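What follows is each chain in one-letter form.
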Amino acid sequence: MDSISKLLFYTIWSVTGINACFYLKEGFSLSGSNPVHINQWLSIASMVSIYLLYRAYHIAEDEGRYKAALGWVVLSWLPWALVTGIILLFFKNA
């Protein structure tokens, strides 16, 4: 069961990290004129997510608690969900 936890952790952790790096890169490329600045907000959320992924990695590797670290990875999706929800809520008519 422990090897399945490790496999699940590293799979979700790496996909989330690639997604965070993509949004971070897109936030710094200023192509197009977006009045809401969605890419910049998602880039800031990606910085928070990368920090949470860093914490998850240390919980998994240093303490060996892969299930708890998986919770941190899922928690790292929260900044993107908050930014997307706020943008959809306030700027749906823009």
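These notes cover the structure that comes with them. (Residues numbered from 1 in each chain as written. Predicted model: local features only at pLDDT ≥ 70, side-chain atom pairs only at ≥ 80, totals over all residues. Heavy atoms only, no water.)

**Thoughts on the nonpolar core**
Consideration 1: Formed by Phe 9, Leu 53, Ala 56, Ile 59, Ala 60, Tyr 66, Ala 69 and Val 73, the largest nonpolar core amounts to eight residues.
Consideration 2: In this structure, Ala 20, Leu 42, Trp 80 and Ile 87 belong to the second largest nonpolar core, which totals six residues. (Core = buried A, V, L, I, M, F, W, Y, C linked by side-chain atoms within 4.5 Å. Buried < 20%, exposed > 50% of the residue type's maximum accessible area, 1.4 Å probe, protein only.)

**As for the pattern of salt bridges**
Consideration 1: Overall, the coordinates contain two salt bridges when judged by the stated rule.
Consideration 2: In this structure, Lys 25 engages Glu 26 in a salt bridge whose closest nitrogen and oxygen atoms are separated by 2.9 Å.
Consideration 3: Of the charged contacts, one joins Glu 63 and Arg 65 as a salt bridge, the two residues approaching to 3.3 Å between their closest N and O atoms.
Consideration 4: Relative accessible area serves as the criterion here: at 43%, Arg 65 is assigned to the partly exposed category. (Salt bridge = Lys/Arg side-chain N within 4 Å of Asp/Glu carboxyl O.)

**Observations concerning the packing of aromatic side chains**
Consideration 1: One pass over the full model with this rule turns up eight aromatic pairs.
Consideration 2: In this arrangement the basic side chain of Arg 55 is found over the ring face of Trp 72, its NZ or CZ atom lying 5.2 Å from the centre. (Phe/Tyr/Trp six-rings, centres within 6.5 Å; stacked < 30°, edge-to-face > 60°. Lys NZ or Arg CZ within 6 Å of the ring centre and 35° of its normal.)

**Topic: the environment of Phe 28**
Consideration 1: For Phe 28, the position within the fold is in helix H1 (residues 2–28).
Consideration 2: A residue is classified by how much of its surface remains accessible, and Phe 28, at 60% relative accessible area, is exposed.
Consideration 3: Once residues within four sequence positions are removed from consideration, Phe 28 is found in contact with Ser 43 and Met 47. (Helix = DSSP H or I, 4+ residues; strand = E, 2+ residues; numbered from the N terminus. Contact = heavy atoms within 4.5 Å.)

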